[in-house]
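Structure assessment
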Amino acid sequence: MRSSTLLAVIVASFVITGAAATGCGGDDGNASSTSSTGGSTSSSSGEDTSTSSSTSSSGTTSTSSSGAVPSIVNVTNESIDVDGLKRGYTLVVPKNYDAAKKYPLVLELHGNGGDGSSFHEGYPMEQASKDEAILAYPTAINSDWDLFDLPADNRDMRFMQVLVDALAAKYSIDKARVFGDGYSNGAFFLNELACRVGFFKAIGNSAGGAPFDDPNGTTACAAVTKMPAIIMHGDQDNGVGVDSGQGTASYWAKVNGCKTTLTATTPAPCKAYDGCPANAPVHYCFISGLAHIWWDQAATTAWAFFKALG
């Protein structure tokens, strides 16, 4: 394990969020009630750790979309065998899918205690992306993303790599437009993945934290020199402290060579770091009244940020 301090912070955040009666739910992002800026969701969790001996992808149970635009997408629960382990994910594909068109791919990463299916139910990105993207909601082993092992030993990072390749082999996906969007534990993992594997065009974070250095000397963000990022964090987040959100935004601003000053951008209350390269902006949205839950404008804000990059 590479950071006992970070582990303590994350474990503490799970205890806090799991104990909350109102305002925020467990780290899967589900809640019985939220602040006026957050949305309420249903709750479920799960894991998929059965074994197999090959690497393949297959569809399983069809599901109905819980979003506002179910008529334009197909939603299925899928599985893929990765190095002998069966890994599950929820897949969202436009009903008008056209093999002659190149689609962006968005990986949506759930919080601790959740899974891909429940995260999709609570956070259907297709409400924002509509029929313009393919979405995948993968499930972590034991519903908890591996934040500590380096890529060579990290089964979750391996899962992401195999999943992207498998989807690109089956669908017309533009691998130059693979985006990542994560919540809480999923946002922590997304930052690690972006730094150490580096196949994303841009990332979006809700209630997460920046990458951290390996005490053995591995350089953080060895896989990328710049990473466009939009960071969203609530000022009432008692699960992952507000300093974590600010620190994540500052981290990527420094990596990208931005200035330390910010200017208001849309939607309010988001701000953009000044002086960033045109292809590597960093936005920070610090939301008043929001607890440890995703912002009700998170999907539309993240998608607009991704889409603006081309």
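Structure report, in brief. (Residues numbered from 1 in each chain as written. Predicted model: local features only at pLDDT ≥ 70, side-chain atom pairs only at ≥ 80, totals over all residues. Heavy atoms only, no water.)

Observations regarding the overall build of the protein
- The helix and strand inventory of the protein stands at seven helices and 11 strands.
- When the 310 residues of the protein are sorted by exposure, 54% land in the buried category.
- Look at the contacts in the protein between residues 6 or more apart in sequence, and 68% of them connect residues 24 or more apart.
- When the accessible surface of the protein is summed, it comes to about 12,100 Å², and 50% of that surface belongs to carbon and sulfur atoms. (Helix = DSSP H or I, 4+ residues; strand = E, 2+ residues; numbered from the N terminus. Buried < 20%, exposed > 50% of the residue type's maximum accessible area, 1.4 Å probe, protein only. Contact = heavy atoms within 4.5 Å. Areas by Shrake-Rupley, 256 points an atom, 1.4 Å probe, with all protein chains shown as cover.)

Looking at unusual backbone geometry
- Here T266 and P267 are connected by a cis peptide whose omega angle stands at -10 degrees.
- Mapped onto the fold, P267 is located in the loop between β9 (262–264) and β10 (270–273).
- The linkage connecting A268 with the following residue, P269, adopts the cis geometry, with an omega of 10 degrees.
- Examined against the element boundaries, P269 turns out to sit in the loop between β9 and β10.
- Despite not being glycine, S143 shows a phi value in the positive range, around 60 degrees.

Quick word on the state of the cysteines
- All told, the structure shown has two disulfides when counted by the stated rule.
- Covalently, C258 is tied to C276 through a disulfide, its sulfur atoms 2.0 Å apart. Its torsion about the S-S bond being 115 degrees, the disulfide of C258 and C276 is classed as right-handed. Of this pair, C258 sits in the loop between α6 (242–256) and β9 while C276 is found in the loop between β10 and β11 (282–287), placing the two residues 18 residues apart along the sequence. (Disulfide = S-S within 2.5 Å.)

Digging into helix α5 (residues 185–196)
- With 12 residues, α5 should reach 16 Å at 1.5 Å per residue; the first-to-last C-alpha distance of 17 Å fits that figure.
- Along α5, 12 of the 12 residues are buried, which leaves the element largely enclosed by surrounding structure.
- All of the buried residues in α5 are N185, G186, A187, F188, F189, L190, N191, E192, L193, A194, C195 and R196. (Expected span 1.5 Å × (residues − 1).)

Here we look at the side chain of T248
- Along the chain, the position of T248 falls in helix α6.
- On the accessibility criterion, T248 (0% relative accessible area) is buried.
- Only 2.9 Å separates the side chain of T248 from the backbone nitrogen of A210, close enough to count as a polar contact.
- For T248, the contacting residues outside a window of four places in its chain are N191, N205, G208, G209, A210 and I231. (Polar contact = N/O pair within 3.5 Å; in protein donor to acceptor, adjacent residues only side chain to side chain.)

Considering the pairing of strand β6 (residues 173–183)
- Two elements, strand β4 (residues 103–109) and β6, share six bridges in a ladder whose sense is parallel. Bridge pairing links L107 to G180 in β6.
- Pairing of β6 with strand β7 (residues 202–206), which is carried by five bridges, proceeds in the parallel orientation. Residue pairing across strands places D181 opposite G204, the latter belonging to β7.
- One crossover worth recording links β6 to the parallel β7 by way of α5, and it is right-handed. (Pairing = 2+ DSSP bridges. Right-handed = clockwise from strand over helix to strand, strands pointing away.)

A few points about the packing of aromatic side chains
- If you walk through the whole model with that rule in mind, you get 13 aromatic pairs.
- Seen from their ring centres, F179 and F306 are 4.6 Å apart, and the 15 degrees between their planes marks the pair as stacked. On the criterion of sequence distance, the pair formed by F179 in strand β6 and F306 in helix α7 (residues 298–308) is long-range, its members being 127 residues apart.
- Measuring from ring centre to ring centre gives 4.7 Å for F199 and F200, while their planes differ by 55 degrees; the resulting arrangement is tilted.
- Residue class for F200 comes out buried when judged on its relative accessible area of 7%.
- Following the ring pairs from residue to residue traces out a cluster consisting of F119, Y123, Y137, Y183 and W294. (Phe/Tyr/Trp six-rings, centres within 6.5 Å; stacked < 30°, edge-to-face > 60°.)

A short note on α6
- Across its 15 residues, α6 extends 22 Å between first and last C-alpha, which sits within 8% of the 21 Å expected from 1.5 Å per residue.
- Within the sequence span of α6, burial applies to G245, T248, A249, W252, A253 and N256. Along the axis of α6, the buried positions cluster into a sector of 130 degrees, meaning they face one direction only. Facing away from the buried side of α6, by more than 90 degrees, are the exposed residues D243 and K254.
- Along its buried surface, α6 packs onto α5, β7, β8 (229–234), β10 and β11.
- Once α6 finishes, G257 follows within two positions and takes phi at roughly 80 degrees, a positive value. (Arc of directions from axis to C-beta.)

Structural notes on the nonpolar core
- Ranked by size, the top nonpolar core spans 49 residues in total, and within it L105, L167, F200 and W252 carry the most contacts.
- Considering each element in turn, this core owes the most residues, seven residues, to helix α4 (residues 155–170).
- Setting aside its immediate chain neighbours within four residues, L167 contacts Y89, L91, L105, A136 and I173.
- Counting residues in hydrophobic clusters, the runner-up holds 31 residues, among them A202, I287, I293 and L309. (Core = buried A, V, L, I, M, F, W, Y, C linked by side-chain atoms within 4.5 Å.)

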